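Chain by chain, the residues:
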Amino acid sequence: GENVEQHPSTLSVQEGDSAVIKCTYSDSASNYFPWYKQELGKGPQLIIDIRSNVGEKKDQRIAVTLNKTAKHFSLHITETQPEDSAVYFCAARRGNNDMRFGAGTRLTVKP
Amino acid sequence: NAGVTQTPKFQVLKTGQSMTLQCAQDMNHEYMSWYRQDPGMGLRLIHYSVGAGITDQGEVPNGYNVSRSTTEDFPLRLLSAAPSQTSVYFCASSYRAGIYNEQFFGPGTRLTVL
């Protein structure tokens, strides 16, 4: 089955700096890659996603890049703010019911 | 809309006890699923349902049962709780089954089995 690895497990940045979280996947049949943000005491919430036929997608301060050849994708957050502090999960999906998640990255943005 | 709701928020069980985690959604979503979240690991799919009356197993189904008698509700049953089932459980729903359909997650139930 699919295996998704996520790095780093913790990340601390200064407010205004950029943050990058990287994920790799093993199954070349995976073709959908969502990113979730989980705030304390809440469920994960989709923040951005990318399909396999797209190399990059941007939504305001958040961007995701995908390299299908290397089987890795990354989340980029620019101009970080304290409210960006949360746990971020990447995931890879190859079918309707087969989505595998990374272990998560705890991002702390220091004011 | 309330979205996806889960009850209870917290639960402590003794080994061997049974219980049902409740999940409901008011968005008329066809697809519902249950995940567990353990420290240092991503969410893992337990069971899912593509519509009322239809359920199937996910990645880690052992020790859990589900049913889907209505579109709105998707309860998860632990028949005989074990310490290995200590986890945070999330219910999720999406408009329908489909690789690109966004999943909406509930707030979770934190379960401890002693």
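Residues numbered from 1 in each chain as written. Chains lettered and ligands numbered in written order. Predicted model: local features only at pLDDT ≥ 70, side-chain atom pairs only at ≥ 80, totals over all residues. Heavy atoms only, no water.

Q: Any chance you could explain the overall build of chain B here in plain terms?
A: For chain B, the count of helices and strands is 0 helices and 11 strands. Starting at the N terminus, the α and β elements of chain B follow one another as β-β-β-β-β-β-β-β-β-β-β. Here the C-alpha atoms of chain B give a radius of gyration of 13 Å, agreeing with the 13 Å that 2.2 N^0.38 yields for 114 residues. Judged by the C-alpha coordinates and their principal axes, chain B covers about 35 × 30 × 25 Å. The burial tally for chain B puts 46% of its 114 residues in the buried class. Within chain B, residue pairs in contact and separated by at least 24 positions form 54% of the contacts whose partners lie at least 6 positions apart. Total accessible area on chain B is roughly 5300 Å²; 51% of this is exposed by carbon and sulfur atoms. Across chain B, the 8 positively charged side chains and the 8 negatively charged ones have centroids separated by 10 Å. (Helix = DSSP H or I, 4+ residues; strand = E, 2+ residues; numbered from the N terminus. Rg over C-alpha atoms; globule rule 2.2 N^0.38 Å. Buried < 20%, exposed > 50% of the residue type's maximum accessible area, 1.4 Å probe, protein only. Contact = heavy atoms within 4.5 Å. Areas by Shrake-Rupley, 256 points an atom, 1.4 Å probe, with all protein chains shown as cover. Lys, Arg positive; Asp, Glu negative; His and termini not counted. Charge placed at Lys NZ, Arg CZ, Asp CG, Glu CD.)

Q: What should I look at first to understand the state of the cysteines in this one?
A: Disulfides are covalent bonds that link the sulfur atoms of two cysteine residues. Enumeration over the complete set of coordinates arrives at 2 disulfides over all chains. The disulfide that involves Cys 23 of chain A links it to Cys 90 of chain A, with 1.9 Å between the sulfurs. Disulfide Cys 23 of chain A-Cys 90 of chain A: the torsion about the S-S bond is -100°, which places it as left-handed. Here Cys 90 of chain A lies in strand β9 (residues 86-95) and Cys 23 of chain A lies in strand β3 (residues 19-25), a separation of 67 residues in the sequence. Residue class for Cys 90 of chain A comes out buried when judged on its relative accessible area of 0%. A sulfur-sulfur distance of 1.9 Å marks the disulfide that ties Cys 23 of chain B to Cys 91 of chain B. Taking the sign of the S-S torsion, about -70° here, the bridge from Cys 23 of chain B to Cys 91 of chain B comes out left-handed. Taken as a pair, Cys 23 of chain B in strand β3 (residues 19-25) and Cys 91 of chain B in strand β9 (residues 87-94) lie far apart in primary sequence, 68 residues in all. Residue Cys 23 of chain B shares its accessibility class with Cys 91 of chain B, and that shared class is buried. (Disulfide = S-S within 2.5 Å.)

Q: Is there a simple way to think about the interface of chain A and chain B in this case?
A: Quite often, the size of an interface is put as the accessible area lost when its parts meet. Listed by partner, the interface residues are 21 residues for chain A and 21 residues for chain B. Summing the contributions of chain A and of chain B, the shared interface buries around 1800 Å²; its carbon and sulfur component is 54%. Where chain A packs against chain B, one counts 1 salt bridge. Residue Arg 100 of chain A pairs with Glu 59 of chain B through a salt bridge whose shortest N-O separation is 3.5 Å. For the side of chain A that touches chain B, the secondary structure elements donating two or more residues are β4 (32-38), β5 (45-51), β9 and β10 (98-101) of chain A. If one sorts the elements of the side of chain A that touches chain B by residue count, β9 of chain A sits on top with 4 residues. Tallied by class, the residues present in the side of chain A that touches chain B amount to 8 nonpolar, 8 polar and 5 charged. (Buried area = accessible area lost by both parts, 1.4 Å probe. Salt bridge = Lys/Arg side-chain N within 4 Å of Asp/Glu carboxyl O. Nonpolar A, V, L, I, M, F, W, Y, C, P; charged D, E, K, R; others polar.)

Q: I'm lost on the sheet that holds β3 of chain A in this one. Help?
A: One key point about sheets: their strands pair by backbone hydrogen bonds, in either a parallel or an antiparallel sense. Residues and elements named next belong to chain A. Pairing is antiparallel in the open sheet, where 5 strands are placed in the order β1-β3-β8-β7-β6. Each end of this open sheet is capped by a strand with a single partner; those strands are β1 (4-7) and β6 (56-59). Taking each pair of neighbouring strands and ignoring which way they run, the sheet shows an average axis angle of 15°. Pairing of β3 with strand β8 (residues 72-77) involves 6 bridges; the strand directions are antiparallel. Considered in β8, the bridge of Val 20 is made with His 76. (Pairing = 2+ DSSP bridges. Axes fitted to C-alpha atoms, helices over the stretch in contact; angles between N-to-C directions.)

Q: Can you help me understand unusual backbone geometry in this one?
A: Among all residues except glycine, the phi angle is most often negative; among peptide bonds, the trans geometry is most common. Geometrically, the link from His 7 of chain A to Pro 8 of chain A is a cis peptide bond, its omega value of -5° lying close to zero. In this structure, the amide linkage connecting Thr 7 of chain B to the following residue, Pro 8 of chain B, adopts the cis form with an omega of -5°. One non-glycine residue, Gln 60 of chain A, lies in positive phi territory at about 60°. Inspection of the secondary structure puts Gln 60 of chain A in the loop between β6 and β7 (62-67).

Q: Quick question: what am I supposed to make of the packing of aromatic side chains here?
A: A ring pair, where both rings are aromatic, is described by two values, the distance of the centres and the angle of the planes. For the structure shown, the criterion picks out 11 aromatic pairs over all chains. Residues Tyr 36 of chain A and Phe 101 of chain A carry aromatic rings whose centres are separated by 5.7 Å and whose planes lie at 45° to one another, so their mutual orientation is tilted. Separated by 65 residues along the polypeptide, Tyr 36 of chain A in strand β4 and Phe 101 of chain A in strand β10 bring together distant segments of the chain. Assigned by exposure class, Tyr 36 of chain A and Phe 101 of chain A land together as buried. Relative to Phe 105 of chain B, the ring of Tyr 35 of chain B lies with its centre 5.6 Å away and its plane at 45°, an arrangement referred to as tilted. Separated by 70 residues along the polypeptide, Tyr 35 of chain B in strand β4 (residues 31-37) and Phe 105 of chain B in strand β10 (residues 104-105) bring together distant segments of the chain. As far as the burial class goes, Tyr 35 of chain B and Phe 105 of chain B line up, both buried. (Phe/Tyr/Trp six-rings, centres within 6.5 Å; stacked < 30°, edge-to-face > 60°.)

Everything listed is a geometric property; what it means functionally is a separate question.
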